[in-house]
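Residue strings, one per chain:
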Amino acid sequence: MTIEQSQVGDKIVLHVAGRMDAENAVQFERQCESCIAEGFTSLVIDLCDLTYVSSMGLRSFVAAAKKLRDKGGDLRICRLTGLVRQVFEITRLNQVFPPHDSVESALLEG
Amino acid sequence: MSVGLDENTSIIDIGRESRIPRPGHGVRQEGGKGSEPAGITHGGVGSSDRGSLDEHSALCVSGRRPWDSNRLVLDTAARRVGSRSWGSGRGVRSTDGESTRPDTRFGAAADWRPWYPSAAIVRQVADVSPRTRLEPLEIRDRGEPVISPSMHSGDVIRFALALAPVLLFLAALKALDSYKLVSSRTVFTALGAGALAAALCFAVNTWIFWRFSGYQDQYARFGAPVVEEIAKGVYWIFLIATARVAFMADSAICGFAVGAGFALIENISYLHLLQGSNVGIWILRGFGTAIMHGGVAALGAIISAYLLDSRQWRGVRLFAPGLLAAVGLHSSFNQSLQFPVASMVAAVAGLPLILGVVFYFSDQSLRRWLGGKMDRDIDILMMIGSQEFQQSRVGAYLLSLQEAFPPELRGDMLSLLQLTTELSMRAKSDLMLREVGMEVAPDPELESLFAELKYLEKAIGPTGMLAVRPLLAQTPRDLWEMHRLGQGLR
């Protein structure tokens, strides 16, 4: 799994690619935590190149969203595809993180 | 001295005269020459106790509100008079001092060993409180009216001591449940089941006491724990057997709730039987016996849940060790009634420790299960949607059924597998959100998904269900999560 970080205004965009499984989900969670520690409360996660997400990955999304919401911010997910989209829909996590079709629309919200 | 005494004079008067004024019941002077009818002299706080109560008078005169110093006077009086022998002084003595009515009010309470000094004094002084009743409990217990409805602070304390500890303990257990495995509704149902078990045991125990009156002590030590733990066990066994609880933590909460319901009814009945009895008894019953009832039922349920999880045993053998442990611990508690304080301390100190460890390991186990099973569900989902499905284990198994079942039925089997996987994933994501304290919104699709599940099971039929069972998750925890999801429909 690779994570590319970029900053757009006061928001951070994390582009996650590959497989997010039990081993590397922690890496994603740490990246989110470091952004929060730097004072960013709005994160946009671009998942267009994510091919697999495990339970640990889902847990990382939920944990990061909780931390951001506690600080008055939010975690936005965009460009869900394939199995990852299916998993988000089945687990109804798409209700918790309403998915966006593009990074731009995710950045514009709020 | 009137009933509506001034707050500051009430205690002073009692201290000086040691008489108990009541409306319609005049106070006769010591020696029996007064003109008022039926005067009663307090059996405990007599003229010899003036010293202690005069001390209290001073406190009142000094401007402190009497109820502020009431506790102090209670302690002081208890200390001063407590060293004397009060063995026979608990009765109500007539004012001529010749006849003494034995204090039958204590009933079973008299069976308790006097581990605390001057219990009668503490009780009697505590019940003479400003703005509250001014007669000793003996009068109230004979059914005569109390002075005002607000004069039952002693009863309130007894009720609180008898009922609150076990309920607070239950509330604490529920608060510790980080995954919110047990709903409030389930807890209340378990409390009700425990209450029902208590009513049943009351009837059984009463009959056995009557039938075998010569063996009451032995029955209380060895027989009653068996009857009571079986009665309590019926409900927690039902919960585990029907997959309504599946982890040690929810088993502990439900088991404790059953025991708490039992203890509440038992203590309420004792509150009725031992009216006006010593506060110490209710400390013991509230913190000792009531917690014990909840604790042993919880431990029984925990042991069964552990065995269920480890899949070592099935059927009756699954529940026998937990039930035996509950009976054994209950019986041990009853053996040690000579040391009620030690038993109470053991229950109050030991149980949180044990349950704390249980909750920790239960959370670990749940987290592992949640992660592992969710990953398997995702893999199944991925496999069903892939081109290589026929080469997978599930695909190969379904192909092997082609001679036994028609294609449309095999299609239903695959749909059933996909649907149960999806429902399983929904249940787990709910738990995931609850773990971090995020709100779980009601799922409007759930009803139609369960309707579809029923339709598929019916279409596949019993034989087809047997054939597809190896593919479906049918462990107790899988059944539990289905039940849990189903609860969301109600």
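Provided above is the structure to which this section pertains.
Because the structure is a prediction, the values reported are computed rather than measured.

### Things to note about the overall build of chain B
Phase 1 of the analysis: Per the secondary structure count, chain B includes 16 helices and three strands.
Phase 2 of the analysis: Contacts in chain B between residues at least 24 apart in sequence constitute 74% of all its contacts with a sequence separation of at least 6.
Phase 3 of the analysis: Total accessible area computed for chain B in this model is approximately 23,200 Å², and 61% of it derives from carbon and sulfur atoms.

### Considering the sheet that holds strand β4 (residues 74-78) of chain A
All names here are of chain A.
Phase 1 of the analysis: As summarised here, the arrangement of the four strands in space is β1-β2-β3-β4, forming an open sheet in which the pairing is mixed. Each edge of the sheet is formed by a strand with only one pairing partner; in this case those strands are β1 (2-8) and β4. If you compare each strand with its neighbour and ignore which way they point, the axes differ by 20° on average.
Phase 2 of the analysis: Note that β1 and strand β2 (residues 11-20) share seven bridges and pair antiparallel. In the strand pairing of β2, E4 is matched with H15.

### What about the pattern of salt bridges?
Phase 1 of the analysis: All told, the structure shown has 17 salt bridges over all chains when counted by the stated rule.
Phase 2 of the analysis: K373 of chain B is paired through a salt bridge with D377 of chain B; the nearest N and O atoms lie 3.5 Å apart. With K373 of chain B and D377 of chain B both in helix α12 (residues 340-384) and four residues apart, this pair spans about one turn of that helix.
Phase 3 of the analysis: By relative accessible area, K373 of chain B is classed as buried at 8%.
Phase 4 of the analysis: Overall, D377 of chain B belongs to the buried group, its relative accessible area being 3%.
Phase 5 of the analysis: Between E445 of chain B and R426 of chain B there is a salt bridge, with its nearest N and O atoms 3.1 Å apart. With E445 of chain B in the loop between α14 (407-435) and α15 (446-468) and R426 of chain B in helix α14, the pair connects residues that are 19 residues apart, well separated along the chain.
Phase 6 of the analysis: The exposure class of E445 of chain B is partly exposed, given its relative accessible area of 44%.
Phase 7 of the analysis: Counted as one network, the salt bridges with shared partners bring together R92 of chain A together with R426, D443 and E445 of chain B.

### A closer look at the nonpolar core
Residues and elements named next belong to chain B.
Phase 1 of the analysis: Ranked by size, the top nonpolar core spans 60 residues in total, and within it L170, L181, F256, L431 and W480 carry the most contacts.
Phase 2 of the analysis: Every element with two or more residues in this core is listed here: α6 (153-176), α7 (184-211), α8 (216-241), α9 (248-273), α10 (279-310), α11 (316-335) and α12.
Phase 3 of the analysis: Not counting residues within four places of it along the chain, the set of residues in contact with L181 comprises F247, A249, D250, L366, L431, W480 and R484.

### Overview of the side chain of D363 of chain B
Phase 1 of the analysis: In this structure, D363 of chain B sits in helix α12.
Phase 2 of the analysis: Setting aside chain neighbours within four positions, we find D363 of chain B in contact with S178 and Y179 of chain B.

### Observations regarding the interface of chain B and chain A
It is common to give the size of an interface as the accessible area that goes away when the parts come together.
Phase 1 of the analysis: Across the boundary between the two partners, chain B contributes 25 residues, which contact 20 residues of chain A.
Phase 2 of the analysis: Between chain B and chain A, roughly 1,900 Å² of surface is buried when both sides are summed, and carbon and sulfur atoms account for 67% of that area.
Phase 3 of the analysis: When the buried surface of chain B facing chain A is broken down by residue, I378, M432 and M438 of chain B rank first, second and third, together holding 28% of it.
Phase 4 of the analysis: Counting every contact that joins chain B to chain A gives two salt bridges.

### What to know about the state of the cysteines
All names here are of chain A.
Phase 1 of the analysis: Inspection of the entire model under this criterion finds zero disulfides over all chains.
Phase 2 of the analysis: Not engaged in a disulfide, the cysteine C32 finds its nearest cysteine sulfur in C35; these two sulfurs lie 6.4 Å apart.
Phase 3 of the analysis: Judged by relative accessible area, which is 1%, C32 ranks as buried.
Phase 4 of the analysis: Free cysteine C78: the closest other cysteine sulfur is in C48, separated by 7.6 Å.

### A word on the pairing of β4 of chain A
Note on strand geometry: in a regular strand, side chains alternate between the two faces of the sheet.
Phase 1 of the analysis: Counting buried positions along β4 of chain A yields four of five residues, so the element is predominantly enclosed.
Phase 2 of the analysis: Assessed by its sense of winding, the connection that carries the chain from strand β3 (residues 42-53) of chain A through helix α2 (residues 55-70) of chain A to β4 of chain A is right-handed.

### Some details on unusual backbone geometry
All names here are of chain A.
Phase 1 of the analysis: One non-glycine residue, R79, lies in the positive phi region at around 55°.
Phase 2 of the analysis: On the secondary structure map, R79 appears in the loop between β4 and α3 (82-90).
Phase 3 of the analysis: If you check the backbone angles, R92 has positive phi at about 60° while not being a glycine.
Phase 4 of the analysis: Relative to the helices and strands, R92 resides in the loop between α3 and α4 (93-96).

### With respect to α9 of chain B
Phase 1 of the analysis: For α9 of chain B, with 26 residues, the first-to-last C-alpha span of 37 Å sits near the 38 Å given by 1.5 Å per residue.
Phase 2 of the analysis: With 20 of 26 residues buried, α9 of chain B is to be regarded as a mostly interior element.

### Quick word on the packing of α10 of chain B against α11 of chain B
All names here are of chain B.
Phase 1 of the analysis: Remark: α10 packs on α11, axes separated minimally by 8 Å, with the N-to-C direction vectors making an angle of 160°. Comparing their axes, α11 and α10 come out roughly antiparallel. Crossing angle aside, the handedness with which α10 passes α11 is right-handed. When α10 is examined against α11, the residues G288, T289, M292, H293, V296, L299, G300, I303, S304, L307 and L308 are found in contact with a partner set consisting of R317, L318, F319, P321, G322, A325, A326, L329, H330 and F333.
Phase 2 of the analysis: Split into classes, the residues belonging to the contact of α10 with α11 amount to 13 nonpolar, seven polar and one charged.

### Some words on α6 of chain B
All names here are of chain B.
Phase 1 of the analysis: Between the first and last C-alpha of α6 there are 33 Å, a value that for 24 residues agrees with the 34 Å anticipated at 1.5 Å per step.
Phase 2 of the analysis: A164 marks where α6 bends most, by close to 40°; the proline P165 follows one to four residues later.
Phase 3 of the analysis: Every buried residue of α6 is listed here: G154, D155, R158, L161, A162, L163, P165, V166, F169, L170 and L173.

### A short note on the environment of G395 of chain B
All names here are of chain B.
Phase 1 of the analysis: Structurally, G395 can be placed in helix α13 (residues 393-400).
Phase 2 of the analysis: Take G395: its relative accessible area is 2%, and that puts it in the buried class.
Phase 3 of the analysis: For the pair G395 and M383, spaced 12 residues apart in sequence, the C-alpha to C-alpha distance is 8.9 Å.
Phase 4 of the analysis: Residues contacting G395, with those up to four places away along its chain left out, are F389 and Q390.

### Section: the packing of α2 of chain A against α12 of chain B
Packed helix pairs are characterised by how far apart their axes lie and by the angle those axes make with each other.
Phase 1 of the analysis: Running from N to C, α2 of chain A and α12 of chain B cross one another at 115°; their axes reach a closest spacing of 8 Å. Contact residues: α2 of chain A offers S55, L58 and R59 of chain A, while α12 of chain B offers R367, L370, G371, M374, D375 and I378 of chain B.
Phase 2 of the analysis: Of the residues in the contact of α2 of chain A with α12 of chain B, the class split is four nonpolar, two polar and three charged.

Thresholds applied
Residues numbered from 1 in each chain as written. Chains lettered and ligands numbered in written order. Predicted model: local features only at pLDDT ≥ 70, side-chain atom pairs only at ≥ 80, totals over all residues. Heavy atoms only, no water. Helix = DSSP H or I, 4+ residues; strand = E, 2+ residues; numbered from the N terminus. Contact = heavy atoms within 4.5 Å. Areas by Shrake-Rupley, 256 points an atom, 1.4 Å probe, with all protein chains shown as cover. Pairing = 2+ DSSP bridges. Axes fitted to C-alpha atoms, helices over the stretch in contact; angles between N-to-C directions. Salt bridge = Lys/Arg side-chain N within 4 Å of Asp/Glu carboxyl O. Buried < 20%, exposed > 50% of the residue type's maximum accessible area, 1.4 Å probe, protein only. Core = buried A, V, L, I, M, F, W, Y, C linked by side-chain atoms within 4.5 Å. Buried area = accessible area lost by both parts, 1.4 Å probe. Disulfide = S-S within 2.5 Å. Right-handed = clockwise from strand over helix to strand, strands pointing away. Expected span 1.5 Å × (residues − 1). Parallel < 35°, antiparallel > 145°, perpendicular 65-115°, else oblique. Left-handed = near helix turned anticlockwise from the far one by under 90°. Nonpolar A, V, L, I, M, F, W, Y, C, P; charged D, E, K, R; others polar. Bend = angle between axes of the 7 residues up to and from the residue.

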